Every structure is written in C-alpha cells, then in structure tokens.
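Overview (structure and organization)
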Amino acid sequence: MPAWVSEGYQEYARRLPPECHLQLVEIAPGARTKGADLARSVRDEGERMLGAIPKDTLVIALDAHGVQWDTEKLSQQLEMWLGGGRDITLLIGGPEGLAEDCLKRADQTWSLSKLTLPHPLARIVLAEQIYRAWSILKKHPYHR
C-alpha cells in the first residue's frame, strides 16, 4: 500500500484505546494478471482470510450488499460488539469483493457506502468510522 494509506489508517487506529484496538492483518491478494482466473483468486483469498480468523471471534464482513448504518447507529453497533466480550474480525475483500465462504462465515455484513470505494480508501474510512463511533460512546469532542 502507498504510504498515505498506512499513514491514514494509523492516524485513526493509534487514537483508539486498548479496549477498542485495531490490528491490521493483510492477506496476500490472488493473481490479477491478464488471463488470471479471478474466481479462483477470490476463492484462494477467501481461504486465506478464513484461516486468519481467530477462534470465537465475531466476524463482520464489509460488503456492498450489507447493512448501512449512519454514524450514530454504528456507535450503537460498536457498543454491542464491545459489550459482547468477543474479539471482532472485520473482513475487507479485494477488488472483486469477498469470497462467498467469507460472507457465509460472517455474523453480520456491513456496507460502508453505496459508493464503490477502492480498497486502500475503504481501509482508512473503516478506521476513521470506528474511531468516530468510539468517540460518540465516550462523549469525546471528535464527533461534533
């Protein structure tokens, strides 16, 4: 990823307290060359993603067909997730989206927007929105 992506993501991730810590785990993408079997690439990515999910974690898949929340509703979701006592895994797919098996494994699906966001930007938006939702819960002045 370009430096601006890492910097943008880290800007929000580092602001979160330990009880709402974001840990980025990158999964190697499948081949996207001319003539590559994209369906197989997505399946292979999905297998690697599923293999990286810790046991007993709540899985939230980011998907264009998922539920859209405004920021206040996201803060309510975050409060429920944090209060559930389980770690949370957020899955972001590659350019072709998530593998079907990843969507089946998910406990919830969430759509960041009806807009199509490039993967690097989605990463930053996700971190910022988690931070914003947390700031609402803690009555921090960030969200005003």
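Look a little higher up for the structure.
The residue count restarts for each chain, going from 1 along the sequence in the order it is written. Owing to the predicted nature of the model, reporting of local features is limited to residues with pLDDT of at least 70; listing and counting of side-chain atom pairs is limited to 80 or more, with chain, interface and lining totals taken over all residues. Here the side-chain values reflect all heavy atoms present in the structure, with hydrogen atoms and water set aside.

Turning our attention to the layout of surface pockets. Over the atoms rolls a probe the size of a water molecule, and its path tells where empty space is left. The computed volume of the largest pocket comes to approximately 1100 Å³. Residue lining of the largest pocket: 40 residues in total, with Gln 23, Leu 24, Val 25, Thr 89 and Leu 90 positioned closest to the centre. In DSSP terms, a helix is any run of H or I states spanning at least four residues, a strand is any run of E spanning at least two, and both are numbered starting from the N terminus. Among the secondary structure elements, those contributing two or more residues to the lining of the largest pocket are α2 (38–52), α3 (71–83), β2 (87–92) and α5 (119–137). Here the lining of the largest pocket gets six residues from one element, more than from any other, and that element is β2. Grouping the amino acids of the lining of the largest pocket by side-chain chemistry returns 25 nonpolar, eight polar and seven charged. Throughout, the protein atoms alone are placed on a 1 Å grid, and a set of points is a cavity if a 1.4 Å probe fits but cannot get out or a pocket if it is open with protein on both sides within 12 Å along at least five of seven lines; lining residues have an atom within 4 Å of a point. Grid points are joined across faces, edges and corners, and a volume is the space filled by probe spheres set on the points. Of the pockets and cavities examined, the second largest pocket occupies roughly 450 Å³. Forming the boundary of the second largest pocket are 22 residues, of which Leu 62, Asp 63, Ala 64, Thr 116 and Leu 117 lie nearest the centre. When contributions to the lining of the second largest pocket are tallied by element, the ones reaching two or more residues are β1 (57–67) and α5. Under the convention adopted here, Pro, Cys and the residues Ala, Val, Leu, Ile, Met, Phe, Trp and Tyr are nonpolar, Asp, Glu, Lys and Arg are charged, and Gly plus all remaining residues are polar. For the lining of the second largest pocket, the per-class residue count stands at 11 nonpolar, eight polar and three charged.

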